[in-house]
Structure formats: C-alpha cells, structure tokens
Amino acid sequence: MQDLRTHVYLIRALTNMHPGSGDNDYGIVDKLVQRDPTSGAPTIHTSGIKGALRQYFADQFGEDGHNHSFVTTIFGSKPQSSDFKQGEVRFISADLLTIPVINEGTVGGPYLLVHDETILERWEQKVSVFQGKDWSLNGNKSQLGKPNSERFQRRYQELPVIARNYLDNGESKNLWYEEIVPRESIFGFILQGPESILEDIAKGNSEQGAIGIDGKVVQLGANATVGYGYCLFTKIA
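This report concerns the structure included in the present document. Computed from a predicted structure; not experimentally measured.

Helices and strands together make up the secondary structure of the protein chain, namely five helices and twelve strands. In the protein chain, which comprises 237 residues, the proportion classed as buried is 41%. Partitioning the contacts of the protein chain with sequence separation of at least 6, the portion at a separation of at least 24 is 64%. Carbon and sulfur atoms make up 47% of the accessible area of the protein chain, which totals about 12500 Å².

This part takes up a nonpolar patch on the surface. A cluster of nonpolar side chains, contributed by V161, L175 and Y177, occupies part of the molecular surface with about 240 Å² of accessible area. Of note, V161 is situated in strand β6 (residues 161–168). Judged by relative accessible area, which is 39%, V161 ranks as partly exposed.

Examined against the element boundaries, E178 turns out to sit in strand β7 (residues 171–179). Overall, the relative accessible area of 1% leaves E178 in the buried class. Separated by 3.4 Å, the side chains of E178 and W176 make a polar contact. Within the structure, the side chain of E178 is placed 3.0 Å from the side chain of N223, a separation counted as a polar contact.

Moving on, we come to the nonpolar core. Counting 41 residues, the largest nonpolar core has I11, L53, F57, F189, I201, I213 and F233 as the members making the most contacts within it. Listing elements by their share of this core, those giving two or more residues are β1 (5–13), α1 (46–58), α2 (69–75), β3 (90–102), α4 (149–157), β8 (186–193), α5 (195–203) and β12 (230–235). Core analysis: the second largest hydrophobic core is formed by 13 residues, L10, I186, I190 and I236 among them.

Bringing the packing of aromatic side chains into the picture now. Across all of its chains, the model carries ten aromatic pairs by this definition. With centroids separated by 5.9 Å and ring planes inclined at 50°, the aromatic side chains of F61 and F70 adopt a geometry described as tilted. The pair formed by F61 and F70 is uniform in burial state, with each residue classed as buried. Three or more aromatic residues joined by ring pairs form one cluster here, namely Y56, F57, F61, F70, F75 and F91.

Rules used in this analysis
Residues numbered from 1 in each chain as written. Predicted model: local features only at pLDDT ≥ 70, side-chain atom pairs only at ≥ 80, totals over all residues. Heavy atoms only, no water. Helix = DSSP H or I, 4+ residues; strand = E, 2+ residues; numbered from the N terminus. Buried < 20%, exposed > 50% of the residue type's maximum accessible area, 1.4 Å probe, protein only. Contact = heavy atoms within 4.5 Å. Areas by Shrake-Rupley, 256 points an atom, 1.4 Å probe, with all protein chains shown as cover. Patch = residues over 30% accessible without salt bridge, like charges linked within 9 Å, V, L, I, M, F, W, Y side chains within 5 Å. Salt bridge = Lys/Arg side-chain N within 4 Å of Asp/Glu carboxyl O. Polar contact = N/O pair within 3.5 Å; in protein donor to acceptor, adjacent residues only side chain to side chain. Core = buried A, V, L, I, M, F, W, Y, C linked by side-chain atoms within 4.5 Å. Phe/Tyr/Trp six-rings, centres within 6.5 Å; stacked < 30°, edge-to-face > 60°.

Here it is in structure tokens:
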C-alpha cells in the first residue's frame, strides 16, 4: 500500500437516523442505536459506513457494481469472492460531535445545536494522531453549535424513541419501538488511504464514471424506504 493520507469529513443527518446495534433494552425499546463503548454516545460503526459508501458507488455502475474495479480498489472484493482483493482504504468509525436540542429561549429558532468542548477536543486529538500532526476544527467549529455539555450529554443519553408499525390491510400486525439519532446531528468521520484514491472518493473519477461523496447525500443505517438516514458528507480536511 502507498503512503497513507487522511481525509476528514463531517456527516450531517438530514433525516432521522437509525444506525442499529441489533440490541434491545428488554423493556420498551426494541431496537437501539449503536453507541461508543467508552462514552456511551451514539456512533456509526465502521462496517455501517463502509457498507453504505460501497453501495453508493456500486449503484453508479449497475448490476455488477460491487465487482467494478473502482469499487473493489476502495473496498475490496465481496466476501467469498473467488478472486479475493483487499481494499486500499481504511474506514474509521464516526463520532457524534453535535446534536440538536429544543430551544428553550425566544431567539434562534425551534432548536439549537449543542456540543461538548471536551468531546470536540478529544476528536481533534484523534484526527491529529491519524494526520501525524496537530489538527483543529478551526472555522468548521461554527457548524457545531454552542457548547453546553449538560444538554449535549442528556440529549444523547435519552434519544427519541419512535413507534413503528406493520399494517396488513389496515390491521396492525407488528408494533415496535426504536431509538433514533435526530436529524441535524453531526458526526466526524476519518478515511485513510493513498491520496489519489481518497481524492476519487471525495471528488469522483470521470474516467470511470464515478461521482464522489463530498457535498453529496448518502444513506446510512436502516429504514431507507421510510426516509431514515439520508446524510450530507462534507470534506473538511
């Protein structure tokens, strides 16, 4: 593999998200979201991001998109492929940086974005380690709202729960409850790989007919058919 470079993205949820953990709390909530085992904050695991981005690019190449050379170079061959190839890009799980809370004041609209300064500092340190040099959010920090550690933590600890129902000819057949990460939440995400390939992911590759993800909407997590998980990817470094 060539020398690794690092690209940094913000992922803004345009619609509610359910990056499912596959777990339940054996109580009211049947489906929980993925959480960071250290902080307890919502996260998007590497496998979920890699799978979603692979599907995004594979969709551009038709029925055999998952086996297209552009896709296999980035993500590797499909499991159980007779011609196994390892992908050339490393995907780092996404960390929650900011979350919307109901605005209790009279100025600023119906909601506010809040963050925890300590969490932002630690994420900057994380990026610095991967970059191999000091790194800061700088001007991008303005997108992450206002510091309010208490409201940030309380919000992610008590995520909204939505009732879902399966109807058969108007009759309820299955009612369940699932956690969601509310729209307008923002995650930080890191990619590592050869610079030329990272640029192809960001900007696309006209020779191969691929459209990059920078400034584009990618669906993450479950329930795409009911509008969940549509996210804007923005490269910031």
